[in-house]
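Structural description and commentary
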Amino acid sequence: MKIIRDIETLKLAIALHKKNGRTIGFVPTMGYLHEGHLALAKAANEENDVVVMSIFVNPTQFGPTEDFESYPRDEMRDKSFAEEHGIDILFLPSVEMMYPDRLTATIHAKRRVSVLDGALREGHFDGVLTVLAKFFHLVQPDSAYFGQKDAQQVAVVQGFVADYFFPLVIRIIPTVREEDGLAKSSRNVYLTEQERKEASTIHEALLKARNEVVELRDQAGILANIRTIINRNRSHKKIVYLDMYQYPSFEAIEDWEKPIVIAICVQYSKARLIDNEIIGGV
Ligand code: AMP
């Protein structure tokens, strides 16, 4: 595995692979790797000759009061994880490398962002798209791999790539979960023991709701049932958002036959967790 920290070295490595006609799979991450990231890496490995993974905690997608400084980081551990899981190039740029100067032109997400994290985390998806535009130009992947766990991110990125004809395929990988159903997340390390035990009810509630979408078709009732299940727990927490929309538009539900996403965010004492279920083929 090649570890690359600077853009010029990355460009040379990519140019060589391109010259040799190799396909490139790209897995962008913020590190603190877990099985969720590795599922993306596995798919990238199966479908490409070369796999590039980036680890970059991107400051432009964090708000001023969010956890950019305290976001978990462990480069040593990530390096050995990546090496063991077939990554060919691990790209570890610094903030200065990715943002050498103030931007002359900015990217602003306009659709699919008026609700949930798009509404609550001002500028979050602008930051995500900004860094992805940079990465896509540098890595020139044939395919880029994203997790369904971040459903709104997937929808926004797919729209962006389609809008601007980025010459790559976005591949969506199902959410990898702990045995009890909790979605794997770098932020799970912030859960207390009690919170960790109870956090599996997020998935349990969403799974029940999945059946109710098919049988009940009553949005308020379905959401109320999810709240009831999650609020049974003793640990202090706040449901930051819980709602359902048409997918991938993230607009109000008008057609129950078309794909629907139920998305939730729960704030525990230190961990902000998100999860979702998508019902109907996408
Ligand atoms: P992050 O490092 O949290 O920015 O995540 C990097 C990529 O891994 C994103 O595309 C996420 O959606 C994806 N990812 C994170 N957690 C999971 C999971 N539990 N299962 C599948 N993909 C995930």
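Owing to the predicted nature of the structure, the values given are computational and were not obtained by experimental measurement.

1. Structural notes on the site of the ligand
With respect to spatial proximity, 17 residues lie near the ligand, and among them Met30, His37, Asp150, Val176 and Lys184 are the closest. Histidine 37 is positioned with one of its side-chain polar atoms (N or O) 2.8 Å from an oxygen atom of the ligand. Between the ligand and valine 176, the relevant distance is 2.8 Å, taken from a nitrogen atom to a main-chain nitrogen or oxygen of the residue. Of all elements in the fold, only β2 (24-29), α2 (35-47) and β5 (143-147) reach the threshold of two or more residues within the shell around the ligand. Top contributing element to the shell around the ligand by residue count: α2, with three residues. Its residues assigned to classes, the shell around the ligand comprises seven nonpolar, seven polar and three charged.

2. Points about α2
With 13 residues, α2 ought to run about 18 Å at 1.5 Å a step, and its terminal C-alpha atoms sit 18 Å apart, in line with that. Within α2, burial applies to Gly36, His37, Leu38, Leu40, Ala41, Ala43 and Ala44. On its buried face, α2 is in contact with β2, β3 (50-55), α3 (75-84), β5 and β6 (169-173).

3. Quick notes on the UniProt feature "binding site: beta-alanine" (unreviewed entry) in the protein
On the UniProt side, "binding site: beta-alanine" (unreviewed entry) is annotated at positions that read Gln61 here. Mapped onto the elements, glutamine 61 comes out in the loop between β3 and α3. The class of glutamine 61 is buried, set by a relative accessible area of 10%. Reaching out from glutamine 61, the side chain makes a polar contact with the side chain of asparagine 58 at a distance of 2.9 Å.

4. Quick word on the packing of aromatic side chains
Applying the stated criterion to the full structure yields twelve aromatic pairs. Taken together, a centroid distance of 6.4 Å and an interplanar angle of 80° make the contact between phenylalanine 26 and phenylalanine 136 edge-to-face. With phenylalanine 26 in strand β2 and phenylalanine 136 in helix α6 (residues 124-139), the pair connects residues that are 110 residues apart, well separated along the chain. The residues phenylalanine 26 and phenylalanine 136 share a single accessibility class, namely buried.

5. Observations concerning the sheet that holds strand β1 (residues 2-4)
The pairing of strands in a sheet happens through backbone hydrogen bonds and is either parallel or antiparallel. Taken together, the six strands give an open sheet; going across it, the order is β1-β4-β3-β2-β5-β6, and neighbouring strands pair in parallel fashion. Edge strands, defined here as strands with exactly one partner in the open sheet, are β1 and β6. Strand-to-strand twist across the sheet, computed as the mean angle between neighbouring axes with direction ignored, equals 25°. Summarising the sheet, β1 and strand β4 (residues 89-91) pair through three bridges and their orientation is parallel. Following the sheet pairing, isoleucine 4 is matched in β4 by phenylalanine 91. Its contacts with the sheet place α6 against β2, β3, β4, β5 and β6, and it is angled at close to 150° to β2.

Procedures and definitions
Residues numbered from 1 in each chain as written. Predicted model: local features only at pLDDT ≥ 70, side-chain atom pairs only at ≥ 80, totals over all residues. Heavy atoms only, no water. Near = heavy atom within 4 Å. Polar contact = N/O pair within 3.5 Å; in protein donor to acceptor, adjacent residues only side chain to side chain. Helix = DSSP H or I, 4+ residues; strand = E, 2+ residues; numbered from the N terminus. Nonpolar A, V, L, I, M, F, W, Y, C, P; charged D, E, K, R; others polar. Expected span 1.5 Å × (residues − 1). Buried < 20%, exposed > 50% of the residue type's maximum accessible area, 1.4 Å probe, protein only. Contact = heavy atoms within 4.5 Å. UniProt positions renumbered as here; feature names shortened; annotations may be inferred. Phe/Tyr/Trp six-rings, centres within 6.5 Å; stacked < 30°, edge-to-face > 60°. Pairing = 2+ DSSP bridges. Axes fitted to C-alpha atoms, helices over the stretch in contact; angles between N-to-C directions.

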